[in-house]
Amino acid sequence: MSAPRVPPAAVARDRLRIAVQRSGRLAGSARALLAACGLVWREAEDQLFWPGREQPVDLLRVRDDDIPGLIAAGHCDLGIVGRNVLLERQGGAPRPPAVREWRALGFGRCRLAVAVPAAWTWRGPADLAGRRIATSYPGLLAAWLRAEKVPAEIVTLAGSVEIAPQLGQADAVCDLVSSGATLAAHGLVPVADLLASEAVLAGPRAPLAPAPARLAATLLRRVDGILRHRACRLVLLQVERERLAGLLDLLPDAEAPTVMQVDGADRLALQALCRGELTWQRREALERAGAHGLLVLPVEGVPA
Ligand code: PRT
Ligand code: ZN
């Protein structure tokens, strides 16, 4: 198959172009979210541009660090990227940033934290004065140090930040943390959080051209529907009429439950969209309260 021609964004104004991470922690979930929005592409692992099939929405697969710049320069319209990357790329910009967060997407959660050797007795940010802090996020760290009025030296590294204290390159680190296992394995303890991060849908502050703007609005509506209903479950069950009230007490998060009579008998069928989690304990409590034939179904594709 020949490589698809990548038209410059300036002449591709009847299409929407979305940048996602090519490989890495956000790549799978970002594509899965867009696919759940009904998008399909002509896929080829070795190609960075996947033209949309059926809908005029193309995918640009790049390094995550490049996504804010691609949006700012108009080479793509939207992108899915970590909030940490988005804010770092805007760090210290004198003008309002050209790219902003349109939606928080709820995956890729982590935090940017300062961590110090476990042997330190941490009393507060002032302990960092005069110290060297290794990080891949110099912009965010500098802004935090300024806000805390702590004069410290920033050692910028592209990666493997957590090894820097053992190598004598730095006294402390500022890095992304999710489980905390990497810091612990290097004898470091997180002491201050700078940012709570997750994947976000990013887009330009300025309006898009009319055709991409229409496509983006449709996409946003679908994303909102998915985000809103991600935790929702459709609960189907049957219950004897006299036990209905007790059972509904266990479903306070049920939206306008539908109750139908089954064959004129005293048994009722109930259908409800629940926003809260349907844990096993909750399902068992429903059964103890008289639920028969309980079914809990995921919900998808409901427009916002
Ligand atoms: O190749 P490309 O440049 O596109 O990818 P990348 O290597 O720069 O990024 P990648 O794929 O590692 O991460 C992409 C995004 O995932 C980040 O920008 C964050 O928004 C998000 N994310 C979520 C994380 C983590 N969790 C995470 N734990 N990014 C990195 N980490 C690293 C962290 O830097 C540290 O090395 O995982 C280690 C810590 O993990 P724990 O679980 O031991 O605490
Ligand atoms: Zn990166």
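Being a predicted model, the structure only gives us computed values, none of them experimental.

Peer 1: Just checking my understanding: could you explain the pairing of strand β16 (residues 267-274) for this structure?
Peer 2: Working note: regular strand, side chains alternate between the two faces of the sheet. Among the eight residues in β16, six count as buried, and that is most of the element. In terms of strand pairing, strand β14 (residues 233-240) meets β16 through eight bridges, oriented antiparallel. Across the sheet, residue Val239 finds its bridge partner in β16, namely Leu268. Inspection of the sheet shows strand β15 (residues 254-261) paired to β16 by six bridges, in the antiparallel sense. Bridge pairing in β16 places Thr258 opposite Gln271.

Peer 1: Would you mind showing me how to read the coordination of the zinc ion (ligand 2) here?
Peer 2: Put simply, a metal with four donors set out as a tetrahedron has ideal angles of 109.5 degrees, and one with six donors set out as an octahedron has ideal angles of 90 or 180 degrees. The protein atoms that coordinate the zinc ion (ligand 2) are Asp64 (OD) and Asp65 (OD), at distances spanning 2.0 to 2.1 Å. Here the zinc ion (ligand 2) binds four donor atoms, and the angle range of 72 to 173° at the metal identifies the geometry as irregular.

Peer 1: Mind showing me how you'd approach the pairing of strand β1 (residues 16-21) here?
Peer 2: Counting buried residues in β1 gives six out of six residues, a clear majority hidden from the surface. Where burial is concerned, the two faces of β1 agree: the one with Leu16, Ile18 and Val20 and the one with Arg17, Ala19 and Gln21 are both buried. As paired elements, β1 and strand β5 (residues 57-62) share six bridges and run parallel to each other. Bridge pairing in β5 places Val20 opposite Arg61. Two strands pair when backbone bridges link them, and β1 and strand β6 (residues 78-82) are joined in this way by two bridges, in the parallel orientation. Following the sheet pairing, Ile18 is matched in β6 by Leu78.

The rules behind these values
Residues numbered from 1 in each chain as written. Chains lettered and ligands numbered in written order. Predicted model: local features only at pLDDT ≥ 70, side-chain atom pairs only at ≥ 80, totals over all residues. Heavy atoms only, no water. Buried < 20%, exposed > 50% of the residue type's maximum accessible area, 1.4 Å probe, protein only. Helix = DSSP H or I, 4+ residues; strand = E, 2+ residues; numbered from the N terminus. Pairing = 2+ DSSP bridges. Donors = N, O, S within 2.8 Å, 3.2 Å for Na, K, Ca; no water. Tetrahedral: all angles 85-135°; square planar, octahedral: opposite > 155°, others 65-115°.

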